[in-house]
Amino acid sequence: MRDGDALTLIDGGYPGDVSAVEYAINSLGRSPEDVQGMLLTHAHIDHMGAIVSFHERYRTPVFTDPTEVAHARRDYLEQAKGKDFIPMLHKHGVLPWLLRIARVGATRSLSIDDAQAFGSSGPLDLPGAPVPVATHGHTSGHSAYHLPQHGVVITGDALVTAHALSKVDGPQLLPQVFDHGKQDTVAALDHLAVLNAETIVPGHGPVVSMHISAAVEQARGRSR
Ligand SMILES: [Zn+2]
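In this text, all values refer to a predicted model and were calculated from it rather than measured experimentally. (Residues numbered from 1 in each chain as written. Predicted model: local features only at pLDDT ≥ 70, side-chain atom pairs only at ≥ 80, totals over all residues. Heavy atoms only, no water.)

### Digging into the pairing of strand 9 (residues 199-202)
As a general feature of sheets, a regular strand has side chains that alternate between the two faces.
Reasoning step 1: Because side chains alternate across strand 9, one face comprises the buried residues Ile 200 and Pro 202, and the other comprises Thr 199 and Val 201, none of which is buried.
Reasoning step 2: Taken together, the 4 bridges between strand 8 (residues 152-156) and strand 9 define a ladder with parallel strand orientation. Following the sheet pairing, Val 153 is matched in strand 9 by Ile 200.
Reasoning step 3: Crossover connection from strand 8 via helix 5 (residues 182-193) to parallel strand 9: handedness right-handed.
Reasoning step 4: Relative to strand 10 (residues 208-209), strand 9 is paired through 2 bridges, and the arrangement is antiparallel. Bridging across to strand 10, Ile 200 finds its partner in Val 208.
Reasoning step 5: The antiparallel pairing of strand 9 with strand 10 creates a hairpin that spans 5 residues between the two strands, and Gly 205 there sits at a positive phi of about 95 degrees. (Buried < 20%, exposed > 50% of the residue type's maximum accessible area, 1.4 Å probe, protein only. Helix = DSSP H or I, 4+ residues; strand = E, 2+ residues; numbered from the N terminus. Pairing = 2+ DSSP bridges. Right-handed = clockwise from strand over helix to strand, strands pointing away.)

Take a look at the structure:
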């Protein structure tokens, strides 16, 4: 997210994706030192992995929901494990996907010991002034980020628009194996539906231009 010359980085992909993150920053004509803060939607390895490397390299501070801080520290782990995918191995595409994510570091054990909790409410003092939206469920401290002045919501894994293990495209929840609490994940959609946003930037799948309330309806319908 760019605000003048300054950047906020929201999530970063797998550990092996850090050079892609640096490339993306350079393609904006900026450098990694221009990133003033990094925000996690949640502490899953496919969102936090590259953030760990970036944090170690550039000492950029990392912020997340107060509840998610301990997850980022790995005081506990709310993430699907290899054995959770065994019943799915016969399904088309699951094994190639597992091999692909293993190559970019999905099985690595990483933590951020000094992740900081962001303030309780309102816009954060970071480039772009993102507003956290508590969407606890996918993980206990998952947060989306709203940019009200631009009509954009960054939904993380609270609502996605595609996934390698999903057969459908469009607004949806992730396959249940990825959610810590399915009921809470569905309930968290209520916090997204009330936002004023016409552009949805999900944690998986393409950016979608539609009102978030309509996207939530679709995701709810598909989750039944
Ligand atoms: Zn996730």
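Don't stop here, the text continues.
### Focus: the coordination of the zinc ion
Reasoning step 1: Within the protein, His 42 (NE2), His 44 (ND1), His 138 (NE2) and Asp 157 (OD) serve as the donor atoms for the zinc ion, at 2.1 to 2.2 Å.
Reasoning step 2: In this structure, the zinc ion is surrounded by 4 donor atoms whose angles at the metal cover 91 to 172 degrees, and the resulting shape is irregular.
Reasoning step 3: Counting the intervening residues between successive donors of the zinc ion yields the motif H-x1-H-x93-H-x18-D. Placement of His 44 in the loop between strand 3 (35-39) and helix 2 (45-58) and of His 138 in the loop between strand 6 (131-134) and strand 7 (143-147) is noted, with a sequence separation of 94 residues between them. Accessibility assignment for this pair places His 44 and His 138 in one class, buried. (Donors = N, O, S within 2.8 Å, 3.2 Å for Na, K, Ca; no water. Tetrahedral: all angles 85-135°; square planar, octahedral: opposite > 155°, others 65-115°.)

### Observations regarding the side chain of Thr 64
Reasoning step 1: Topologically, Thr 64 is positioned in strand 4 (residues 62-64).
Reasoning step 2: With a relative accessible area of 0%, Thr 64 lands in the buried category.
Reasoning step 3: Beyond its immediate stretch of four places on either side in the chain, Thr 64 contacts Leu 40, Val 69, Gln 116, Ala 117, Phe 118 and Tyr 145. (Contact = heavy atoms within 4.5 Å.)

### A closer look at a nonpolar patch on the surface
Reasoning step 1: A contiguous nonpolar patch, built from Ile 86, Leu 89, Leu 95 and Leu 99 and spanning about 370 Å² of accessible area, is present on the exposed surface.
Reasoning step 2: The residue Leu 95 is located in helix 4 (residues 94-103) in this model. (Patch = residues over 30% accessible without salt bridge, like charges linked within 9 Å, V, L, I, M, F, W, Y side chains within 5 Å. Areas by Shrake-Rupley, 256 points an atom, 1.4 Å probe, with all protein chains shown as cover. Salt bridge = Lys/Arg side-chain N within 4 Å of Asp/Glu carboxyl O.)

So far we have only geometry, and geometry alone does not tell us how the molecule works.
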